[in-house]
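These are the residues of each chain, in order.
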Amino acid sequence: LQKKWTGVDIPSAQYGGRHAVTMLPGGGIGPELMHYVREIFRFVGAPVDFETIEIDPSTEGNDDLDYAITSIKRNGVAIKGNIETKSQGLDEVSRNVAIRNELDLFVNVVHCRSYPGIPSRHKNIDVVLIRQNTDGEYAMLEHESVRGVVESMKVVTVENAERVARYAFEYARQNNRKKVTTIHKANIMKLSDGLFLDVAKAVHKEYPEIEHNNMIIDNTCMQLVSNPHQFDVMNMTNLYGTIVSNVICGLIGGAGLLSGANYGDHFAIFEPGTRNTGTAIAGKNIANPVAMISASTDMLNHLGHKDHARAINEAIYETVVNDGIRTPDVGGSASSTDVVENILKILSKKRVNW
Ligand code: ATP
């Protein structure tokens, strides 16, 4: 092991202290949620200018995608909805995965925290999911070796396993967390998951004050449903990460609440934690805007605009918890715009020295 985690580059502000950020609304509910983000940022005077790029999933070429990647490379930061992968054709690559791979966003972080008052199976969940974001089962290397026999490659490298494990332990150290649990299936996938686990154990040696244990993915799902409070920080490969994040988001209140962040050494993308498109609820004014607005405050924090982020986060919390203004997915009857208007109302009363 060699790599030391030095953190993500933070882009410097431009004229007037403003940041340029790439906005990829994606499909389904993405565009309406981005509209709310823009509205709130305008209202609080957040010093951010969005460069919006629509990626049309029905187009054949990759011009939109290339343009989006160039824009993120220029700006360093993006906020993103989910981009649909329309065709099932073999040569059709998920643009979401392509963006993460091209920008080497090796880690996905989802902080799963319960909101008091939202109907859920367990209260007071507070778990941080750290997921390998670029290889593992998402290597997209599949082929039909002979007719009727398909092979799919799961790629685990020491380099990426180390980067994600180091991120997990460093996160635990810096955020006063006590334990990291590495999730795997090394009893069956002895080489690939075995390597992921061995690397995590080796990285742990540099973090003796933090407890490290490991758990098999199937048992993890059962333990999450029965006793999620035993988990603190979780470190896992790509596919297990998407399963576990959906389980925990379901335990807390569904797809509309939690945000997720994707980091590499140079770039960062912020998005809803479970990356849903929400095609069926688009345009109905019922999508929960909280996950995307939380993604936007994660982004403000990343850029150093902490006062704006704190004020918006407090307004979200007051709206959902104190005022009980919630969309139907979390047991309420409010519309998306009711939630956003209440957030704006609370923000208008705050006296913040931006
Ligand atoms: P698809 O590509 O078909 O849209 P998906 O994997 O992106 O599928 P969705 O079906 O979009 O997943 O989302 C899963 C579930 O979560 C759906 O019931 C959807 O309505 C719900 N959901 C996703 N985002 C939100 C949100 N912001 N507010 C409320 N419900 C949401």
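Residues numbered from 1 in each chain as written. Predicted model: local features only at pLDDT ≥ 70, side-chain atom pairs only at ≥ 80, totals over all residues. Heavy atoms only, no water.

### Some words on the overall build of the protein
Here is step 1 of the chain: Counting secondary structure elements, the protein contains 10 helices and 12 strands.
Here is step 2 of the chain: On C-alpha atoms alone, the protein measures out to a radius of gyration of 20 Å, which is about the 20 Å that the 2.2 N^0.38 rule sets for 354 residues.
Here is step 3 of the chain: Considering only C-alpha atoms, the protein reaches an extent of 55 × 50 × 40 Å along its principal axes.
Here is step 4 of the chain: When each of the 354 residues of the protein is scored for burial, the buried share is 54%.
Here is step 5 of the chain: For the protein, the proportion of contacts with a sequence separation of at least 24, taken over those separated by at least 6, is 75%.
Here is step 6 of the chain: Of the side chains in the protein, 36 bear a positive and 42 a negative charge, and the two mean positions are spaced by 6 Å. (Helix = DSSP H or I, 4+ residues; strand = E, 2+ residues; numbered from the N terminus. Rg over C-alpha atoms; globule rule 2.2 N^0.38 Å. Buried < 20%, exposed > 50% of the residue type's maximum accessible area, 1.4 Å probe, protein only. Contact = heavy atoms within 4.5 Å. Lys, Arg positive; Asp, Glu negative; His and termini not counted. Charge placed at Lys NZ, Arg CZ, Asp CG, Glu CD.)

### Comments concerning the site of the ligand
Here is step 1 of the chain: Surveying the vicinity of the ligand reveals the residues Ile29, Ala255, Gly256, Asn276, Thr277, Gly278, Thr279, Ile281, Ala287, Asn288 and Asp329.
Here is step 2 of the chain: In isolation the ligand has 610 Å² of accessible area, and contact with the protein removes 57% of it.
Here is step 3 of the chain: Across the shell around the ligand, the residue classes break down as 4 nonpolar, 6 polar and 1 charged. (Near = heavy atom within 4 Å. Areas by Shrake-Rupley, 256 points an atom, 1.4 Å probe, with all protein chains shown as cover. Nonpolar A, V, L, I, M, F, W, Y, C, P; charged D, E, K, R; others polar.)

### What about empty space enclosed by the protein?
Here is step 1 of the chain: Scanning the entire structure with this criterion turns up 1 cavity of 30 Å³ or more.
Here is step 2 of the chain: Of the voids in this model, the largest cavity is the one considered here, and its volume is about 30 Å³.
Here is step 3 of the chain: Elements that contribute at least two residues to the lining of the largest cavity include exactly strand 4 (107-113), strand 5 (126-132) and helix 7 (238-252).
Here is step 4 of the chain: No other element matches the 3 residues that strand 5 contributes to the lining of the largest cavity. (1 Å grid on protein atoms, 1.4 Å probe; cavity = no way out; pocket = protein on both sides within 12 Å on 5 of 7 lines; lining within 4 Å. Points joined across faces, edges and corners; volume = space filled by probe spheres on them.)

### Digging into helix 10 (residues 336-349)
Here is step 1 of the chain: Here helix 10 contains 14 residues, and its C-alpha end-to-end distance of 21 Å stays within 8% of the 20 Å for a straight helix at 1.5 Å per residue.
Here is step 2 of the chain: Listed as buried for helix 10 are Ser336, Val339, Val340, Asn342, Ile343, Leu344, Ile346 and Leu347.
Here is step 3 of the chain: Buried residues along helix 10 sit against helix 1 (30-44), helix 8 (290-303) and helix 9 (306-322). (Expected span 1.5 Å × (residues − 1).)

### Some details on the nonpolar core
The tendency in soluble globular proteins is for nonpolar side chains to be buried as a group.
Here is step 1 of the chain: By size, the foremost hydrophobic cluster in this structure holds 87 residues, and its most contacted members are Ile130, Met234, Ile248, Tyr263, Met299 and Ile312.
Here is step 2 of the chain: Looking at this core element by element, the count peaks at 8 residues for helix 4 (residues 158-174).
Here is step 3 of the chain: Ile55, Ala68, Ile99 and Leu103 belong to the second largest nonpolar core, which has 15 residues in total. (Core = buried A, V, L, I, M, F, W, Y, C linked by side-chain atoms within 4.5 Å.)

### Details of the confidence of the model for the protein
Here is step 1 of the chain: Summarising the model, the protein shows a mean pLDDT of 92, and 95% of its residues fall at 70 or more.
Here is step 2 of the chain: Predicted as a complex, the structure gets a pTM of 0.94 and an ipTM equal to 0.93. (pLDDT = per-residue confidence, 0-100.)

### Details of the layout of surface pockets
Here is step 1 of the chain: Taken as a whole, the largest pocket spans an internal volume of roughly 1,000 Å³.
Here is step 2 of the chain: Around the largest pocket sit 30 residues that line it, and His111, Tyr171, Tyr263, Asp298 and Asn301 are the ones nearest its centre.
Here is step 3 of the chain: Elements represented by at least two residues in the lining of the largest pocket include exactly strand 4, helix 4, strand 11 (259-263), helix 8 and helix 9.
Here is step 4 of the chain: For the lining of the largest pocket, the element with the highest residue contribution is helix 8, accounting for 5 residues.
Here is step 5 of the chain: Tallied by class, the residues present in the lining of the largest pocket amount to 14 nonpolar, 12 polar and 4 charged.

### Here's the deal with the sheet that holds strand 5
Here is step 1 of the chain: The sheet built from 10 strands is open, its strands ordered 2-1-3-12-11-4-5-10-8-9 with mixed pairing. What marks the edges here is a single partner per strand, and that holds for strand 2 (48-52) and strand 9 (211-216). In this sheet, neighbouring strand axes are inclined to one another by 25 degrees on average, regardless of whether the strands run parallel or antiparallel.
Here is step 2 of the chain: As paired elements, strand 3 (residues 77-80) and strand 12 (residues 268-272) share 3 bridges and run parallel to each other. (Pairing = 2+ DSSP bridges. Axes fitted to C-alpha atoms, helices over the stretch in contact; angles between N-to-C directions.)

### What about the packing of aromatic side chains?
Here is step 1 of the chain: Applying the stated criterion across every chain, the model contains 6 aromatic pairs.
Here is step 2 of the chain: Centre to centre, the rings of Phe169 and Tyr207 are 5.5 Å apart; their planes meet at 20 degrees, and the pair counts as stacked. Note that Phe169 is positioned in helix 4 and Tyr207 in the loop between helix 5 (192-204) and strand 9, a separation of 38 residues in sequence. In terms of burial, Phe169 and Tyr207 fall into one category: buried.
Here is step 3 of the chain: One aromatic cluster in this structure is built from Tyr167, Tyr171, Tyr263 and Phe270. (Phe/Tyr/Trp six-rings, centres within 6.5 Å; stacked < 30°, edge-to-face > 60°.)

### Overview of the pattern of salt bridges
Here is step 1 of the chain: Under the counting rule described, the total for this entry stands at 16 salt bridges.
Here is step 2 of the chain: Note that Asp49 and Arg18 form a salt bridge whose closest N and O atoms lie 2.9 Å from each other. Pair noted here: Asp49 is in strand 2 and Arg18 is in the segment before strand 1 (19-24), with a separation of 31 residues, a long-range link.
Here is step 3 of the chain: Here Arg18 falls in the partly exposed class, since its relative accessible area comes to 32%.
Here is step 4 of the chain: Linking Lys73 and Glu102 is a salt bridge whose minimum nitrogen-to-oxygen distance equals 3.0 Å. A residue pair is termed long-range when its members are at least 10 positions apart, and Lys73 in helix 2 (residues 63-75) and Glu102 in helix 3 (residues 95-102) qualify at 29 residues.
Here is step 5 of the chain: Residue classification places Glu102 among the partly exposed positions, given a relative accessible area of 43%.
Here is step 6 of the chain: A single network of salt bridges, built from pairs that share partners, joins Lys80, Glu271 and Arg275. (Salt bridge = Lys/Arg side-chain N within 4 Å of Asp/Glu carboxyl O.)

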